Each structure stands twice: as structure tokens, then as C-alpha cells.
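So the chains spell out like this:
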Amino acid sequence: MNLCNTIKGMCCYRDSDKKPQMTGYDTDTCDYNASDTDDLGKWLEDTIVSPSMDQQPESRKDRTPGTWIEIRLFISSTFVDTHAERDIIIRRVIPSINRKLADKFIRVIPVDLRWGVTAEESMNCFKIQKTCLNHIDKCRGTPNWTPWFLGLRTQRYGWVQDEYMNSKGFEQPGYFDWLDKMDELNRGISITSLECMHAAKIPKTLSPKPTVFFYEREIIETGRQKIPDNMRWIFDFEFVDKEIEDPELKFQYELDEAGASRKEKDRNNLNDFLKSQDHIVYRNYTSMYSHAKITTKKEGAKSYGIGYTRELQYFQEKVQADLFDAIVENYEQVDNSLMDKYEFEMIQHENSISDKASLFVGRKDLIQAASKFLQRQGKANRTMIMHGEPGCGKSGLLAAVAHQAIEDYRTVGHFVFVHVVDCCPGSADLDVFLRRLNANLRSFRRSLGESNLGHNPPSASSDLKNEHHDLINESANKYPDKKFIVIIDAVNQFHSSMWAWDMWWLNNQDAPNNLKFLISTLNEENGTLTNAREMCPVAVCLPVLEMRPEDLKDIIRGRLAKFNKKLTEDDTPLLGNQMKLLIHKSTSPLYLIAACEALRRFGVFEKVTEYLKSLPTTVPDLFEFLLDEWSNEYGKNFVQDVAGMICVSKNGLLENEIHDILSFKERQYGITYEANFSRIYDSLAPFLAAGGGGYLRFFHDQLKFAVSRKFLNPDLERETHDLLDKFYLSVINTQYAEVPETKPMAYHKHALNQLVYHQSKAHVPGEPMDFLKDSLRNIYFLRERMMAGQQQELDEEYELISKQCSDKEELQALADWRSFSQLYCARIKEFDGFALNMAKNQAKSSYVRKDVSLLSINSSGLYPLHWENTPNDIDPMIVKYESGGKAISASKVGSVVAIAGSQSQFLHLSSGEVIHRVNAAASAILISDDGEKVLAGCDNGVVRVYDVSTGNLDLECVECLGECIVFVHWTEELIIAATGSPEGAISWNSNTTPSKILVANRTDGSTVRSWITGEPAFHSCFSSSLEMIFTSHKGIIIGWNLDGQEIVRQSSNLGSVVYSLASHGTEDIILSGSNDHIIREWKISKESKMMNLVNEVSDSTSSGWAYGGNWSVSYDHTGNRILSTEPHSQSLRIYHKNGSLLNELRGHQDCINNISLVNDGTGVVTCDRSNMSILWKLPGSTVGESKMDESKREKLDDKVLWCAFNPDGSKYVTAAEGILRIFDTNTQTVEHTNIETCNHYCLNGQWMPDGKHFVVIIDSIWVGWFDCELQLVSKIMCFETNDSSCTDIAVSPDGTKVVISDCRNSASESSAAAIIDSSDIFNPFKCQVVSDYGARMFACDINQGGELLAISGHAGTVVYNLHTLERQYSFSSGCFSVKFKSDDKLLYESDHRLHLYDPQKDQDIATYNGHVDKVNEACFLNNEKMIMSAGSDGTMRLYDTSTGKNVYGFFSHQAQGYNSFSVHPNEKLIIAADENRILYVLNTEDERTRMRK
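Computed from a prediction, not measured in an experiment: that's the story for all the values here.

Scoring rules and cut-offs
- Residues numbered from 1 in each chain as written.
- Predicted model: local features only at pLDDT ≥ 70, side-chain atom pairs only at ≥ 80, totals over all residues.
- Heavy atoms only, no water.
- Pairing = 2+ DSSP bridges.
- Helix = DSSP H or I, 4+ residues; strand = E, 2+ residues; numbered from the N terminus.
- Axes fitted to C-alpha atoms, helices over the stretch in contact; angles between N-to-C directions.
- Polar contact = N/O pair within 3.5 Å; in protein donor to acceptor, adjacent residues only side chain to side chain.
- Buried < 20%, exposed > 50% of the residue type's maximum accessible area, 1.4 Å probe, protein only.
- Phe/Tyr/Trp six-rings, centres within 6.5 Å; stacked < 30°, edge-to-face > 60°.
- Lys NZ or Arg CZ within 6 Å of the ring centre and 35° of its normal.
- Core = buried A, V, L, I, M, F, W, Y, C linked by side-chain atoms within 4.5 Å.
- Contact = heavy atoms within 4.5 Å.
- pLDDT = per-residue confidence, 0-100.
- Parallel < 35°, antiparallel > 145°, perpendicular 65-115°, else oblique.
- Nonpolar A, V, L, I, M, F, W, Y, C, P; charged D, E, K, R; others polar.
- Salt bridge = Lys/Arg side-chain N within 4 Å of Asp/Glu carboxyl O.

A.B. asks: Can you lay out the sheet that holds strand β27 (residues 953-956) for me, pointing to particular residues and giving the numbers?
C.D. replies: Ordered in space as β24-β25-β26-β27, the four strands form an open sheet in which the pairing is antiparallel. Both edges of this open sheet fall to β24 (922-927) and β27, since each of them pairs with a single strand only. Between one strand and the next, the sheet's axes are offset by a mean angle of 25°, whatever the strand orientation.

Encoded structure:
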């Protein structure tokens, strides 16, 4: 028979380098040469190949979507000479492959035993064979495939075995029949060769692609790149047939006069055999010598060393390509992207349930109790809580119940949902659970015919939380004949985010009886059991206690049967009753499982009884016993480090991550471990949970406790945290650049979430926190956290570190960075490449700016923009909340803020995360002193109390007041509420209903008393010192005692409407705010029933609005300063009691409704009537503070509505209401001011082409021309009706025509555009009028040719011939901005977006997205390649004209809506004016660049 042809006929794939002729075969026939009777090649062909089998590769392995495949890759070689190759495989190839395979749910785990041979094993052939060859078997993709095996073939041979273990000594004896025939060879074969033979043995079934790979090395030596003679022995064949004469080298080679050549020939024959096999990939590669070193020097004996080669790029590329291609071809590729995300997650959770249920035994009584719970209806059968101590078997029990519920209920049309915490990525996040449940409910209902119900849950976590109870209750109510069963395992292991441990997400009191929750939890962890009972007071609690003896025996039998082992169960004379002995030790299922794992590794059956007697009797002690065994086997330091790292990790470690940490420590500390994680993993695996996408952590706290007790004294624990701190920083800081040059590691996000935790644990109290410069005070760290969606965790870390910090400077730095992270999170997510730019644009005194001062920014010409005139002091804004409302309250304890509005919300004070939304339209709100309850006064007259942690309604007052409640308060025993105008200050003309006051019992909501005030009210307050309620009315304040008796009434010196009231914290004084802009202090005498005016503060405003005045007033924390708001300024004003205006806090974009103090001594929260609330830090106060200096007051009042550079850029003009200024561009100083003109709220203007004059709106119907000294040259009335209002101005290129657009309020359809002849600016006259537009106009522009006029507004965009006023074309879109391009295309604003319209094509050719409010101004830059815009959303943006891409955005948290901007002719300087009275001077060059110039 032609053997070569036989082999090829059996195996149908080939992808190797060209194979040479085999030693011992005729080159023509490949027949065996009988002269070499002891040839290894012939023996291998007869023993390993099994040519009688007719094999074809089988098809790819089927994949279950959502399940991970772990490929364990055994790496085989001689150790001392292949360190470089192994490092490349471990540190480069496998991580790269794993990144590529992550979305395919496949990962490669290296089995690298280069340090895996213990001292005992190195002296025992049987033990080393058992260790290595058993590991190879664990690397098989399926039992019938060849293993995943990578062999490195070099000149060395390896440790020769002088005896061979019988096949029965291995875990899988059927694979080792060839080893029983080794005696036929009558000589020793190296352990490395045995590994290769075992891997090469053709299995019963071929995988679709080879899984066995060999790479044979040739070291190229040229010139000086030669191996030194004294180091050559590291790389050479190690056996010689005659003694080496060199005394230093003679011991480095093993003298074997009779067998050296035979061993070398065996090595070569094995290589040739491997090359000849079509089911193996065999490649050759070259390398060059790098270096070598002696690790153990011995005189007169063999020394030990290691060697490295280099130039291994080809090797790396081939290994990576071979492995990746084989993995992809061998496993069916499930395109998870095409699969429904939630269906995919469901498979993972239910696979976990199936796995656990398959191992479950006993507990029939508990199974029956749970089954009855699911069957029964009734309020007492809506929630079941399985609880017990760690290791009692809760998860297995719940898995069995869930598995049965799926079979019993889902198969007949009921809804069954299962969630197993920590079974797959994200499963420990409550957000993921809620999202999954929401999506599955929607899918279930759609399957029942509700086609109009959307597929997807709400995108925002806050909306998801708000919808949770409504959706589950609605679903169960809608289908009363269906059961809705929700089963969650290990709720105590949820992460703390979204207040998961409060258990608010369980059944609430409104849940229907067919909605059932079944959960498992520990008795004592994170308060989940206690909180679950509080949330569901009538829940069925099912304690999981000790198992029955027979069940315990089943656990032991089942576990040991997996390893072909069992215990005696009779009282045999020699061994005794081993089963009884073990159960007598402990009845804990966890203990028995751990004991079975110890028995699995114990090999002498005759000594099992003795071994069992030696086992401790408690779970922690047993784990310490196991730690000792592992330490003896793998090395104490190694076990200590591995177990310690897992123990102290924040939420687990990836297996590849552990490999990298160990390698990192070896490099950092110059140590070499006796083993690696691949070996110890087999021992640890039964006690590890691989949750959150494979993050390994101790599943049971007893093992964690045992590790901590045995290994981790305080110093070592801190050292371990320090190691992990350094490791994670080394992973993260590769991204510390504006544009990182390398891709992040596969576990980059996990590293981000770990770093600060380990920094805090490694920190020695009292020492400086310099490490924060690498994390919480590092802009790139913040950027990476935000891009990873870890904002809430980041805020919690600021809180954590701040509590540990004692240095005032560091505390202030943390406060600055924390505020920055909240205020800029959304912007950094949008423009992550410009995070550093945002940090550098902070106030000069900000630690954010100081910490990034030395970092350089890459410039792209027009961007990024650098804020040149940044303020010196940090502004007091801390947090912005994206919710406005009618009232706001902050907790005195905890960190919660509540906002009343159409839907009331509870938010985290510092991060702004929404905790809960409740369906209560309210106008009054108050958080209890302990921060646990919220009192809400609803618009329908109902008073409600909500639980902050759950969002549940706790109490509703019995009496409904029937009108909008505008004030709520509570004492220790009472609830107080008062009604008033639902529209607040802007309803005093229509507010005619007398207000009511309610005093109710705080415990049960029953009415103590209620009464009608007799007058329509606007607000109320309660004085604790007086125990009186005060109500404000039209020109009246009334004071009442709690019995409903009127005590005082004041009707003079009040203004016509009293909008707001506030009481002093300690004195018998109240504040009032009225529509006359005077804040008054009143001293109350209860005995004399008098209100005496003791102080007045004038809070003047330039607003003539009928509803102007002090909408809200308050004392500060000291009672020495007065806080007020009024609608025109949209600011929070701080007054000293002497009337001095101390400060004005700006940032709101609408009228502020309410002020509430934060009980930290400095904080205050405000809410406006639109979509914003703000947390402020009040500036410090000093008794007798002087009035704000006039320059500061003047600047605050300078609300610039229009600004523009003159044509040569030497000057720029600003126009505010009532103020014109001319600035020198170079010095940024004011040259001229005119405060007697421009008295209009809508200002706009244009420079004339001569650069010496400009035209500007100076009144609602007038425009005027000014020179550069702000002297009025001329003016003209544009419109004859007072209903008109000038909105925009356009000037023709030659300056002869000026167009003014008009917005009429009453007769909007008559809005017109006036065309002024400005040939002589000293004598301008109206020459034409555009009267056919037909709606309000907001923007106009003239093209560069001077013949076309564009008008945009409510009627869309219309283009006219400027000379004849004939319509040229029009389209329906447009509104607040319009600009001609040089080719007459039109850039216009519509629906908060910019569009570029091509009149030739009659369509938009580009759209520019990004703004979320109207775009007020836009212009072309860089030869019209770019577009700059500014909008009412407080952002400036830069777009690529051709692509529409938003390439840059300038953001300042202080910015409100931008009114105007102008670009210097050199396009390096920009000025921009916003509603916050800030004129931004922006430069395309940073400060350091400008200083160098």
C-alpha cells in the first residue's frame, strides 16, 4: 500500500508550507525502509494515524446564539529557548484575536505551562505526563476533535521520559491507547514530543479546519548577529555523544554516548511526520538572536538560563492568521447583529438557568412551595423572596423553579421572564434588567395583536424607570387570564446604580394579582432582603435552610460521578462509610461541593478516608485548606497573588486580564512565578462566577473571606490594590492623548471602572493624593469614562475620594473637576476630540484649567477656539439639570433634589441622574429632612407623599383641596398645604378663587382642619418659630395660626400684588416679594398681632413687563443675605440686608420660578419655567459687605444683542439694550460708549463698506447710522405703525441699499421689509417696501452681486430682485437666519437646523445638524469651505460645507442663547454675545502660542 496516498485519502484539507521528504521513506513510493527497524516515523504512522479509518471533515459546529465559546489553546515547546515566541502569542496574538472575536462571542484562553512544572513534577515522569497530556485533552473543541494545540519546534528536544504512564492513569483513558504501546520503542521520548504526538493523533472525527499548528524555527546568524559561544547551549540540541572540552560548557550539554544521535533523529523524524499530516498545519519561520542570560549560575554543575530571538513579525502574522481563520471556519458564525438584541440576551439567561437546573437535586418541598406560589392568585401571592446564607443552594433552587415555570407556563401562552444576575455582559446592571423586561413585555403583547405598541423601551434610563411599573401593571391588567411571571436570581449582586438595592422595581401596591415576582437574595448583603420586605410587606418569604440527608448525598454522588469517582456508603472495615463521614463534617451544599472538588484532585482511593478526616468542618476553614493545597501545588506567592487580586477586585477580572496582571507584576518586580493562571484556573473554576461578560470573581463570600484572612493583612491588601492601580493605569494611559495612537485594550472600559477604586484603597490616609492627576483630575480619564457611559459611576468616585481627602486644596480641585464632569458630559460625548479644549476654556482660577495647562492642543486652523477673556474666578454654577418646573427642593440629608412640574422628578443632586419620575402634576414640593420622603402639592388639589428610594406613593391626604396647591410644608406631626394661582405671577388679573389651607396628620393624612382664606392667593410660607402660616394676595399678607385663626393682616406698603413669601430660619421675620420690585422684611409680633416693616431692598429691573417683579425670595443659610429672582434678568440676585447687590448668578434661559436652599451651608437650587434647574454654590459672605462695584454691575447689565468687527478688523461694535460700545481689537478696551440709544429688545446691525460707519436698530421702527466715535450721523423711521418691530438688517456690497425686515405682532400678515437708499448716509430715505411676504420676517440678506434679496420667516424663504422687487423663487422652509453663498446658494435655518439650498436644483443639497434650538446667526469661512453658526441652545458650531459634518463645537456651561457673533477678517479672532451678558473673545490660537509670537 502507498502510505502517503492513504494518508491523503483520509484527510481532505491542507494549508501548510511545502513538506519535505520523510526520513526512512523511498522518494518514489513512500514505502517504509525496513533497514530502520527502530524508526520513530514508522511507529507513528502505525500508531498515531490509524489508516483504516475513512474520514471526512465534519461540518461546522452549531452555535447557540448568545453563548460564549471558550477555546483553550495549549502551547507546547521546550521552555528555555522560546520565551520570545510565547510572549508574542500570549501578549499580542491572543489579545488581538480576542478583540476580533468578541462580537462573535468566542474567546481564546492560552494554556501556557512554561512555568507550570512544579519541582515534584520535574522529578516524576508520571506526574508531568498526567499534568501536560490531561491539559491537552481539555483543549478539545469537542470530544472527537483534535485539541487546539500550537507547537513550537526548535533545535532542543526536551526532558526525556524514562517511563510512561498507563492510559488508565489519565482522566480520559480512551485518548491514550497509543501511550500503552510506547514500550515497543524501547527508549525514552521527551515530554515535548509526547505532547506533539498526543495532539497529532487523528481523532474519530476531523474538524472542518485544522486545530493543530506547528511552527519550526531557524535562527539566521549573519555578521555580528550570532549567538555567543557561551550562550549557544540555550538554543542547541542538548544531548552530545562525547564530552565537551570547554570547562564552562561541559555541564550545559547532557552526555549520552549511545543515544544522543538517536534522540536527534527522533526529533527530526517527529518533525517530518508532523509535516506529512494533512490534518496539521506546519510552517517554517526564521528569526534572529536577540539576547540570553544565565538565571542560575552553578560552579561545576549545570547552570540554567533563558534565551530570546527577534525579527518575529512573520511568525506573529502567520500564527494570528492561522488561528483566526481556523476558529472562524470551525464554528458556525451567528450574526448577532441581525438577531433581536433582547432575544439574544434571553437565550443567555435561560442557558444559565438550564445549566444550573441540570445540577440541582432535592429540595422537593421548596420546589413545591414555589410552584404553589406561581399557581395561586391573590395579593399575598404576588411576590416570593427566596433567601438564605451564602452557599445554601438558592441559585440552584431558583433555576429549577424557573426551568419548570418555562415548561409549565410559557408553553401554554403565559409570560415568563428570567434574569440571572452576573450570567452575561451587563446583567448586573438594573438598567439592563429593566430594559430587557420592558422589551420582552412589548414583544409578548405584540404577539397578542397589539401591533401599535412600539418595539423598543425608552432610551433614557429616567424614562425607563418612570415607565416600569406602569407597563408591567398595565400589561397584567390588560390580560387578566394570563400570568406574568418575573424571576430574578441573586438580586443582592445587582450593582448599586439606579438605586437597585432599594428594590423599588418590585411589585408596587397597584400590581394586579396575576403579576408575580420571584427573587433570590442573601440574608445579609446590601439590604436587599430588608428592602424587598418593605417594598412588598405581604410577600411570601421562603427561607432556604439545610437540605435533607438524601439530597446531600445526591449532591456528592452527582459531583463525583463527573470525575468517575465515588465514596463508600457502607461501613466497610477498611474504608468505613465515607459518605457519612463527609456529611457529618457539614450539611452546607457549598461545603460539600468544595469537598468534592478537593476529592477530584486527590488520587489515592485507599487514603480517601484519611483525607476526609483531615478536612476542616466549616466552609471558610475548608477554603483555607484548599488554599494551602493550591499553594503547595502552584506556589504560595502565586496563589496568594491570584486569589488576592480576585478578592480585592471591584467587580471581577477577565481571565486574559489576570494573565496580563501577572505578567505585569513579573516585569515590574523582576519575579518569576512557579505556575500560571491556566493551571490554577482548573482548581478555582468551581468557585468563580463569570458574570458581566466573563469577569471572574469569587461566587461565595466565604472564599473571599478565607483569602482575606489567610493572605491579605492590611499592608499586603494595600500592595495588591497598588499593583492593580498601576496595572490599570498602564492599560488606560495609552489613550491619554487628544488622538490616541493605539487602540484601547479589550478590557479598557473595565479598567476605567476599576482605577479609582484601587487608587482609593491603595492610598495611605494623610498622604497627598497625587495619583488623582492620573484619574479624577485628568481630562483624558474623564473623556474615556464619559465615552464609556460611566458618568454616574464617575460622580460616585468623586464623592468617595472627597470623603477620604483632608487637604483643602485637593478638595477644591475635586469639586472643580466634579462640577466640570457634570456640566460638560454631554458635550464631551458629542465632541470627544475637544475635551482638552473645553478644560482649557475654564476660569483661570479653576483647577481644571490649572491641571491641563501644560498639555498641548492640536490645531486644525479654524478650530478649536480658545476663550481669550476667560474670567479669573470660577463661577458658582455646580450642576445643570435638564428639567425645569414650578418648584424645587433639596434634601438636608442625602443628595436628592425634587422638582415639581407636569411630571415631578427626583434627581441625584450632584450628577443630575433622574432617580424617579412620578405621575403627579405638581406646583409645590418639599423633601423631608432625612431625604427619604417627598411631599408634593398637586395641581388638582391632592397632597401626596412619595418614597424617594422606590418612587412609590406612600400616603395621600384624605381631603382634596380642589385647587392648585402652591405651598407645602411639614412638621414632625403635621402636613400643611395651601392653594393659589396655578400660573403664579403671570395670572394676577385672572386669579379670583379664594385660596384654601389644609392642616393634616402626617401619619395617616387625615384632616386636622382646613379653611378658606377669603382672598385669591399666590404663595405661602410657614414660620417654625411662630408656628404660623402666611399667605400672599393682591396687596395683602395674612398670617394664620394652625387653628385657622387670622392673627395678622398687612395691606399697606406691599405693592399691588405679593408674589412670594419666605420665613427666616431663626427669627420672627418674613420676606415678601412684590410686583413693584421691592423686597420687604416684616417683623411679626404674635402677641400684638402686628406686622412691622423693618427693611426694604429695591430689586430694580429694566423690564417693563406687566408680570415683572420678585417671583421668588429667600434668605440664605445665615439669614444675613437675601436671595431673589425676577423674570427679566433670569438671574439669581444676592443682596445684603443693607440693600447692596452682592452678586448676580446667571445661567438660566427662562424666568426662574423658585429658590430652595441646600443644607450644606453654601448651596442653593433654582428652577425655571422651561427646561432647566441649577445647583449653585453661593459666594462667601462677610458682614458689612460693600456694594458690587459699578464696573461689575455695568458689565452684568451689558446684555449684548449684536456685535460685529469693522471691515479691517481694527475695531468692533457691541449693541446692548440702551448701550452702544466701540472696542479696540488689539487692546480689547472700550474706546467709546453711548448709553442714550438702541432702546429696543431686538437689536441688529451691519457695518457700512467704508468701515467708518455702521447702521443699527435703535427703536422698534427706527434705524440709525453711527460713526466710530458713536456719534449719531442720521436715522430714519422704517415703518409707520407701532405694531412693527425691526428684526434684521442687510447692507448691499456697495453700501447704497439697506434692507430692514419687520415682525408685526397683531397684523403679522402685513409684516414688511423697508429698503433704504443709503447712497448718502447723512440723508437716507426709504425707496421701496416689500409688502407681499405675508408673515412675520426674522432674517434678510443681500447677495454678493447686490441684485438679490432673501427674506426668511414664518412664510418660509423668498428671494426677490432687489431693484424691481419681483419674486425670483421661494420655498416653504426657513425662519431665523438666512445667508447667501457667493454662488447664490442659500444657507437658511429651519427647525433648529441649517440647510444649504440650491436654486438651480430647487432642493436642499446639504443639512447641518447639531443645534437643538433655533440658529440665530451663521456665516461662511475658509473660502466658504466651512460654516460657523450660533444658536439659542448656547452652542457655537463649525461645519464642513460640502459634507455637512459638524466638525467642532464651542461650549461654555455659562453660555445661554447666543444672540450674535462676528469673525475677524483674518478668521483667527471671533467675538460672540450670549444671553448671559458675556461677550466671548475667541481665538484660534491658544495662549501659549500667542505668547510665543
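A.B. asks: I'd like to hear about the side chain of S276, residue by residue, with values.
C.D. replies: Residue placement: S276 occurs in helix α6 (residues 260-276). Within the structure, S276 has its side chain in polar contact with the backbone oxygen of F273 (distance 2.6 Å).

A.B. asks: Describe the pairing of strand β47 (residues 1200-1205), and please don't skip the residues or the numbers.
C.D. replies: Most of β47 sits out of view: six of its six residues are buried. Relative to strand β48 (residues 1211-1216), β47 runs antiparallel, the two sharing five bridges. Each bridged residue has a counterpart across the sheet, and for C1203 the counterpart in β48 is T1214. The hairpin turn running from β47 into β48, its antiparallel successor, is five residues long, and G1209 in that turn takes a positive phi close to 80°.

A.B. asks: How would you summarise the packing of aromatic side chains if you had to cite specific residues and measurements?
C.D. replies: Applying the stated criterion across every chain yields a total of 51 aromatic pairs. Ring centres of F237 and F239 lie 5.6 Å apart, and the angle between their planes is 55°; on these two criteria the pair is classed as tilted. Both residues of the pair, F237 and F239, count as buried. Taking the centre distance of 5.6 Å and the plane angle of 70° together, the rings of F664 and F727 count as edge-to-face. Highlighted residues: F664 in helix α20 (residues 655-669) and F727 in helix α24 (residues 714-732), separated in sequence by 63 residues. As far as burial versus exposure is concerned, F664 and F727 are alike and both buried. Put simply, the rings of F415, F417, F433, F444, F484, F494, W505 and F517 pair up and form one aromatic cluster. The ring of Y175 carries R140 above its face, with NZ or CZ at 3.9 Å from the centroid. When the ring centre of F373 is taken as reference, the NZ or CZ atom of K516 above it lies at 4.7 Å.

A.B. asks: Please set out the nonpolar core residue by residue, giving values where relevant.
C.D. replies: Core analysis: the largest hydrophobic core is formed by 140 residues, its most contacted members being L582, F677, F781, F820, M1428 and M1436. Considering every element that reaches this core, the biggest residue donor is helix α16 (residues 589-601), with nine residues. Residues within four places of F781 in sequence aside, it is in contact with I732, Y736, L752, L755, V756, D774, S775, L776 and L794. Ranked by size, the runner-up nonpolar core spans 41 residues in total, among them Y157, I189, A199 and I202.

A.B. asks: How would you explain the confidence of the model for the chain if you had to name every residue and give the values?
C.D. replies: Put simply, the chain has an average pLDDT of 86, and 91% of its residues get 70 or more. When mean pLDDT is taken per element in the chain, strand β63 (residues 1378-1380) scores highest with 97 and helix α1 (residues 3-10) scores lowest with 33. In this model residues 1-15 is a low-confidence stretch, pLDDT under 50, and it forms 46 contacts with partners more than four residues away in sequence or in other chains. Here residues 18-37 is modelled with pLDDT under 50, and outside its nearest four sequence neighbours on either side it reaches 40 contacts, counting other chains as well.

A.B. asks: Describe the sheet that holds strand β38 (residues 1078-1085), and please don't skip the residues or the numbers.
C.D. replies: The strand order across the open sheet built from four strands is β36-β37-β38-β39, with neighbouring strands paired in antiparallel fashion. The open sheet terminates on both sides in strands that have one partner only, identified here as β36 (1058-1063) and β39 (1090-1098). Each strand of the sheet is rotated relative to its neighbour by a mean of 25°, with strand direction disregarded. Of the pairings in the sheet, the one linking β36 to strand β37 (residues 1069-1074) comprises five bridges and is antiparallel in character. Among the inter-strand pairings, L1061 is bridged to a residue of β37, identified as S1072.

A.B. asks: Give me the lowdown on the side chain of R435, citing residues and values where you can.
C.D. replies: On the secondary structure map, R435 appears in helix α11 (residues 430-447). Sequence-distant contacts of R435, that is, excluding residues within four places in its chain, are made with Y342, P457, P458, S459, A460, S461 and L464.

A.B. asks: Which residues make up the packing of helix α18 (residues 619-634) against helix α19 (residues 636-648), and what values do they have?
C.D. replies: The N-to-C vectors of α18 and α19 enclose an angle of 125°; their axes lie 7 Å apart at closest approach. Taken as axis vectors, α18 and α19 run oblique relative to one another. In this structure, α18 uses L627, W630, S631 and Y634 to contact α19, whose residues at the interface are K636, F638, V639 and A643. When grouped by side-chain class, the residues that make up the contact of α18 with α19 number six nonpolar, one polar and one charged.

A.B. asks: Can you break down the pattern of salt bridges residue by residue, with the values?
C.D. replies: Applying the stated criterion across every chain yields a total of 64 salt bridges. We note a salt bridge from D641 to K665, for which the minimum N-O separation is 2.8 Å. Here D641 is found in helix α19, whereas its partner K665 is found in helix α20, with 24 residues between them in sequence. For the pair formed by D641 and K665, the shared burial category is buried. With a shortest N-O distance of 3.9 Å, E1424 and K1381 are connected by a salt bridge. Here E1424 is found in the loop between β67 (1415-1421) and β68 (1426-1431), whereas its partner K1381 is found in the loop between β63 and β64 (1386-1390), with 43 residues between them in sequence.

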